[in-house]
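# A closer look at the structure
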Amino acid sequence: MTAQRLEPGSPAPDFTLQDQDGASVSLHDLRGRNVILYFYPAAMTPGCTTEACDFRDSLASLQGAGYTVLGVSRDDVAKLKQFAERDGLSFPLLSDADLAVHRAYGVWGEKKNYGKVIQGVIRSTFVIDEDGVIAHALYNVKATGHVARIRKLVGLAA
């Protein structure tokens with residue numbers, strides 16, 4: 001059963017997770033900043049690499065517009081470190097191995113994979129405003145072209 005999905009206007013569930021360097025990152029510490037929080041199935045897979053590299057390539061303009069980018073997966077810290085180093089990812093990749101944050105955001109649940117229904121990560125992105133409120137909740141997104149869509153939503157040219 002798919003978890004409850006979050007809607008724009010609802011408070012973003014708070015969390016503290018470790019990044020690829022073992023540092024703790026807490027959403028509440030980012031209050032006063034806009035956050036793009038994206039969930040992806042697995043580090044170093046083709047689709048997730050495409051999505052992460054798109055965020056990397058747009059990072060300067062997103063940061064210039066006041067956005068902090070955070071990626072979340074169920075991978076352990078060591079794999080996230082390897083992913084960041086391999087692909088030059090300079091934004092925090094957060095480890096949610098117990099899936100608590102995935103479940104809080106409604107991104108762990110039933111999905112179709114090659115025609116079969118399985119339990120897994122539903123690739124999703126949330127734009128969270130300076131007050132910790134969800135401005136945009138995008139579920140079941142495609143890896144390719146997704147960052148361009150986010151850029152348009154936040155008022156940046158594609």
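Let us look at the structure shown here.

Each value, and the rule that gives it
Residues numbered from 1 in each chain as written. Predicted model: local features only at pLDDT ≥ 70, side-chain atom pairs only at ≥ 80, totals over all residues. Heavy atoms only, no water. Helix = DSSP H or I, 4+ residues; strand = E, 2+ residues; numbered from the N terminus. Buried < 20%, exposed > 50% of the residue type's maximum accessible area, 1.4 Å probe, protein only. Contact = heavy atoms within 4.5 Å. Polar contact = N/O pair within 3.5 Å; in protein donor to acceptor, adjacent residues only side chain to side chain. Lys, Arg positive; Asp, Glu negative; His and termini not counted. Salt bridge = Lys/Arg side-chain N within 4 Å of Asp/Glu carboxyl O. Pairing = 2+ DSSP bridges. Axes fitted to C-alpha atoms, helices over the stretch in contact; angles between N-to-C directions.

## Overview of the environment of Val-117
- Assignment of secondary structure puts Val-117 in strand E7 (residues 116-121).
- Since its relative accessible area comes to 54%, Val-117 is described here as exposed.
- Among residues more than four places away in sequence, those in contact with Val-117 are Glu-110, Lys-111 and Lys-112.

## A short note on the environment of Val-147
- One can find Val-147 in helix H4 (residues 146-153).
- For the pair Val-147 and Ser-95, spaced 52 residues apart in sequence, the C-alpha to C-alpha distance is 21 Å.

## Quick notes on the side chain of Ser-124
- Relative to the elements of secondary structure, Ser-124 occurs in strand E8 (residues 124-128).
- On the basis of relative accessibility, which here comes to 0%, the residue Ser-124 falls in the buried class.
- A polar contact of 2.8 Å, which involves the side chain of Ser-124, links it to the backbone oxygen of Ile-122.

## Concerning the side chain of Asp-96
- Inspection of the secondary structure puts Asp-96 in the loop between strand E5 (93-95) and helix H3 (100-104).
- Of the side chains bearing the opposite charge, Arg-103 lies closest to the buried Asp-96, which forms no salt bridge; the N-O distance is 7.4 Å.
- A polar contact of 2.5 Å, which involves the side chain of Asp-96, links it to the side chain of His-102.

## A word on the sheet that holds E8
- Strand order across the open sheet formed by seven strands is E2-E1-E5-E4-E3-E8-E9, with mixed pairing between neighbours. If you trace the sheet from one side to the other, it starts and ends with strand E2 (24-26) and strand E9 (134-138), each paired once. Adjacent strand axes in the sheet meet at a mean angle of 30° when their direction is disregarded.
- The sheet contact formed by strand E3 (residues 34-39) and strand E4 (residues 67-73) spans six bridges and is parallel. Of the residues in E4, the one forming a bridge with Phe-39 is Val-72.
- Strand contacts of helix H2 (residues 77-87): strand E1 (16-19), E4 and E5, with the helix running at about 165° to E5, the strand carrying the most contacts.

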